[in-house]
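Below, each chain spelled out in residue letters.
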Amino acid sequence: MKSIYRALVDIVDGEHVSDRPEELYIYSFDLGTAEPRRPDYVAAPRTTEQVQEIVRLANREKVPVVPLGGGLSLAGLAVPLKGGILVDLKRMDSILEVNERGRYAVLECGVSQAQLTSYLARNHPSLTHSEPGAPPTATVAGNVLIHGQGDLAQPYGFNSDQVNGLEVVLPTGEVCRFGSCAIGVSWFTNHPLPDVGLFFGWCGTTGIITKLSIRLYPAKRIRGVGQFVVEDEELVPEIIEKITATQMAEDVIAYSRAIPPFGLGLQHFTVNIAANSEKELEFKQELIWDDALGEYISRGDGGYLGFTRGLEHPQISKTSDYKKGGGFEYVGSIMPIEKYPECYRRGREISERHDIPYTVTGRCIGVGHSMMFAWTYAFNRADPETMRQAREALHETDDLVLELGGVIWKPGTYGQQLTIGLLHPGTRALMRRIKEVLDPGGIMNPGNWEGI
């Protein structure tokens, strides 16, 4: 096995390859409840060519390769379930291009959300991207790969819908480009070439994305958050419908949580509004709070809690403070918005059955075409019993998602197996053939989507 280590050093360099147990330990787990699994090696390449050489080495030696971005999926997607070479991509962190006229950015795969946000604010303040409420070190590419959503999901959909092009190292080591960049022009569009969408949602089992182009959007001078609250969860779907019908909001989120106690049972809305002038802001606020939601206020069914300038991204991670030891994990799902009341009630039941303060959140996607609904469970990392409770609650919630007619978002291995069991036979057979063609050696992130 030392030969693999020496080969990795030859490809990258001795400073960015390790087989030392104390460093492998750091890469053996993520921040969720997944059981730790230690890689045999960690390599941190700087270039696409080095990624290619690592993948070719893995094929020759028949060892797994697991790509790692920020490592913040919480679902164990980058835990090396069968050991092998963990490829830490954080050194590939260059922002290669920002095109102001075409409103797109070309990034290496290790660029973080905070890095892009601060870069745009400093160099291109008229532009912004759809930023998820993830920790700042989460990578842009990682969020795209799991079909993540950001604070522009309401008008523009999933972050994976906002990709103009990709560069990918296939499991056999070849490099492919997709989108307009594939024919040697700029990275401005993913259309209208033949669709070969083989990489989003596959959990890194079909290749390693090394570069991507994402769309940027106008950053208005005033951005802020308005808050609204109702007691009856049955009102949430129609309120979302009324807000989105105005087409005046950037982001619409409904949530309910047990902490703080005075909020127990209430349904809160945060509505992000952006404007270039006070006049525009006043116009948009009037349409939303007066015209769309005024009837709930006058009937006493809802209350407007005010508008705060500046964005506060959803911080689900704050629920990690609910239990001593600071751990949390959530099940995300893509759901029809009309399912919100049942998602809330059933999720709250699961939390209370496992003695976990409940937190549920629904983010509107694509003008109300769906929502990402999340059930969050806190645990104490130092207490195996609370981790067991959280793990059971997560599995029950995976089952609930499918029972309610939703789709599990970024499923861990338990949710993947549930999903595989429901796949249309033709779809499953096609996915199996795709996997066999792209990854004949079966080296890419094995353990994920296993048994397709």
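Here's what I pulled together on the structure shown here. (Residues numbered from 1 in each chain as written. Predicted model: local features only at pLDDT ≥ 70, side-chain atom pairs only at ≥ 80, totals over all residues. Heavy atoms only, no water.)

1. Some words on the nonpolar core
Soluble globular proteins tend to bury their nonpolar side chains together. Rules: Note on terminology: a nonpolar core comprises buried Ala, Val, Leu, Ile, Met, Phe, Trp, Tyr and Cys residues joined through side-chain atoms within 4.5 Å. Exposure classes here rest on a 1.4 Å probe applied to the protein chains alone. A residue is buried below 20% of its type maximum, exposed above 50%, and partly exposed in between. Segments assigned H or I by DSSP are reported as helices when at least four residues long, segments assigned E as strands when at least two residues long, and all are numbered from the N terminus. For this analysis, residues touch if any pair of their heavy atoms sits within 4.5 Å.
Leu8, Ile54, Ile85, Leu107, Leu116, Leu166 and Ile214 are the most contacted members of the largest nonpolar core, which totals 66 residues. Of all the elements, helix α3 (residues 48-61) adds the most residues to this core, at five residues. Setting aside its immediate chain neighbours within four residues, Leu8 contacts Asp13, Val17, Tyr41, Ala43, Ile54, Leu57 and Ile85. The next biggest cluster of nonpolar side chains, apart from the first, holds 47 residues, and it includes Cys343, Trp375, Ala390 and Leu404.

2. A word on the side chain of Thr397
Structurally, Thr397 can be placed in helix α11 (residues 384-403). The exposure class assigned to Thr397 is buried, which follows from its relative accessible area of 0%. Among residues more than four places away in sequence, those in contact with Thr397 are Val331, Ile350, Trp375 and Tyr377.

3. Overview of unusual backbone geometry
Of note, the bond from His191 into Pro192 is cis; its omega dihedral lies within 30 degrees of zero at 0 degrees. Relative to the helices and strands, Pro192 resides in the loop between β9 (175-179) and β10 (208-215). The linkage connecting Ile259 with the following residue, Pro260, adopts the cis geometry, with an omega of 5 degrees. Although it is not a glycine, Arg103 sits at a positive phi angle of roughly 55 degrees. When you line up the elements, Arg103 lands in the loop between β5 (95-99) and β6 (104-108). When its relative accessible area of 40% is taken as the criterion, Arg103 is described as partly exposed.

4. Some words on the environment of Ala382
Within the secondary structure, Ala382 sits in the loop between β18 (370-379) and α11. The class of Ala382 is exposed, set by a relative accessible area of 70%. Sequence spacing of Ala382 and Thr244 is 138 residues, and the spatial spacing of their C-alpha atoms is 43 Å.

5. A word on the layout of surface pockets
Empty space among the atoms can be located by rolling a probe the size of a water molecule over them. Under the convention used in this document: Definitions used throughout: a 1 Å grid over protein atoms alone; a cavity as a set of points that fits a 1.4 Å probe which cannot get out; a pocket as an open set with protein on both sides within 12 Å along at least five of seven lines; a lining residue as one with an atom within 4 Å of a point. Grid points are joined across faces, edges and corners, and a volume is the space filled by probe spheres set on the points. Note on residue categories: nonpolar means Ala, Val, Leu, Ile, Met, Phe, Trp, Tyr, Cys or Pro, charged means Asp, Glu, Lys or Arg, and polar means any other residue, Gly included.
One number sums up the size of the largest pocket: a volume of about 960 Å³. Along the wall of the largest pocket there are 50 residues; nearest its centre are Leu72, Ser73, Gly142, Ile146 and Lys410. Residue assignment for the lining of the largest pocket shows that the elements contributing at least two residues are β3 (65-68), α5 (140-145), β10, β16 (327-335) and β17 (359-365). No other element matches the four residues that α5 contributes to the lining of the largest pocket. In terms of residue class, the lining of the largest pocket is built from 28 nonpolar, 19 polar and three charged. Taken together, 24 residues line the second largest pocket, and the ones lying closest to its centre are Ala34, Ala75, His395, Gly412 and Thr413. Taken together, the residues of the lining of the second largest pocket sort by class into ten nonpolar, eight polar and six charged.

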